[in-house]
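Geometric and topological summary
One-letter residues, chain by chain:
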Amino acid sequence: MPTTPHAEKHFTASEAVRDVVLGMSDGLTVPFALAAGLSGAVAATRLVVTAGAAEIAAGALAMGLGGFLAARTDRDHYAAELQRERRETLELPEREREEVAAVFRGYGLSDAELAPVIDALARDKTKFVEFMMRFELGLEAPDPKRAFASAFTIGASYVVGGLIPLSPYLVLHDTRRALLGSIAVTSIALFGFGAVKGGFTGVSRWRSGAQTLAVGGLAAGAAFALARLFA
C-alpha cells in the first residue's frame, strides 16, 4: 500500500523575524511613550511630531548599529573558535577525538559503537572541525551578509513601528485628541504585532498580543504620568 509522502515544514527565518520583533516592538513602544509623555506637558502637536521624528531617527540608527555590531561580534567569535578548533585538531588530535566521543556518549552510544564513527569523522578534518563547532560548542556558521541585513531590518522595523503612534499627531492639531488617537492605533498595532509574533513563536496569539499591549501601555502610562507630574 503506497504511503503518502511526508513533507516537513520548518520555519527557517528565525533571525530575520527576531530582528523585526526587536525593531518593531521598540519602535511601537518608545515613540508611543515619548508622544504620550510630551502630550502631558505641551499643547502643540507640532512639538510632539518634531520630537517624535527625532527620536525615531535616532532610535532607528542606534538599534540598527546595535544589530550590526551584534552580528559582527557573532561572526568574529565564530571565526576565533573555528581557528582554535582547527589548531587543536592538528596539535591535540587524541583530546579532540575524546571530546567527540563524549558528545556521542551523551546520545547513548557505547565506545564500540562510536569508534568507527569517530574514525570516519577524523579522516575528513573539515567535517571533523564542523562537527566540533556545532555539537561541542553549539555554534553555527554565520551568514557573512548577516550584519548589514540585521542593521537594515532592525532600523526599518523601528521606523515603521515608530510612525504608527506618531501618525495621529500628523493629522490632528489638538494634543488631547491626538493622544487618544495614538492610544487607539498603537493599542491595535501592539496587540496585532504581539499576536503575529505569537504565531511565529508557537505561543498563544491572544496571550502574546495581550503581553505586548500591556508592556507598551505601561511604558506610555509611566511617561505620561511623569510628564504631568513635572509639567
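Right above here is the structure, for reference.
A short tour of the structure in this document, coming up. Quantities reported herein were computed from a predicted structural model and do not represent experimental measurements.

**Here we look at the pattern of salt bridges**
Scanning the entire structure with this criterion turns up three salt bridges. In this structure, the salt-bridge partner of R146 is D19, at a minimum N-O distance of 2.8 Å. Here the residue R146 occupies a position in helix α6 (residues 146–171), and D19 occupies one in helix α1 (residues 14–39), the gap between them amounting to 127 residues. The buried category is assigned to D19, whose relative accessible area is 4%.

**A short note on the packing of aromatic side chains**
Counting across every chain of the model gives two aromatic pairs. Ring geometry for F191 against W206: centres 5.4 Å apart, planes inclined by 55°, an arrangement best described as tilted. Of this pair, F191 sits in helix α7 (residues 175–201) while W206 sits in helix α8 (residues 205–230); the two residues are 15 residues apart in sequence, bridging distant segments of the chain. Accessibility expressed as a relative area gives 26% for F191, which makes it partly exposed. The class for W206 is exposed, based on a relative accessible area of 66%.

**Things to note about the layout of surface pockets**
In this structure, the largest pocket spans a volume of roughly 320 Å³. If you go around the largest pocket, you meet 19 residues; those closest to its centre are E15, R18, A71, D74 and R146. Per-element accounting of the lining of the largest pocket gives the leading share, seven residues, to helix α2 (residues 45–91). Residues that form the lining of the largest pocket fall into these classes: seven nonpolar, five polar and seven charged.

**A closer look at the nonpolar core**
Counting eleven residues, the largest nonpolar core is built from V100, A101, V103, F104, L114, I118, L121, A122, F128, F131 and M132. Of all the secondary structure elements, the ones that give two or more residues to this core are α3 (93–105), α4 (111–122) and α5 (125–136). One finds A35, L166, A178 and L179 within the second-largest nonpolar core, a separate group that totals nine residues.

**Some details on α4**
Over its twelve residues, α4 extends 16 Å from the first C-alpha to the last, a length consistent with the 16 Å expected when each residue adds 1.5 Å. On the buried face of α4, the contacting elements are α3 and α5.

Rules behind the numbers
- Residues numbered from 1 in each chain as written.
- Predicted model: local features only at pLDDT ≥ 70, side-chain atom pairs only at ≥ 80, totals over all residues.
- Heavy atoms only, no water.
- Salt bridge = Lys/Arg side-chain N within 4 Å of Asp/Glu carboxyl O.
- Helix = DSSP H or I, 4+ residues; strand = E, 2+ residues; numbered from the N terminus.
- Buried < 20%, exposed > 50% of the residue type's maximum accessible area, 1.4 Å probe, protein only.
- Phe/Tyr/Trp six-rings, centres within 6.5 Å; stacked < 30°, edge-to-face > 60°.
- 1 Å grid on protein atoms, 1.4 Å probe; cavity = no way out; pocket = protein on both sides within 12 Å on 5 of 7 lines; lining within 4 Å.
- Points joined across faces, edges and corners; volume = space filled by probe spheres on them.
- Nonpolar A, V, L, I, M, F, W, Y, C, P; charged D, E, K, R; others polar.
- Core = buried A, V, L, I, M, F, W, Y, C linked by side-chain atoms within 4.5 Å.
- Expected span 1.5 Å × (residues − 1).
- Contact = heavy atoms within 4.5 Å.

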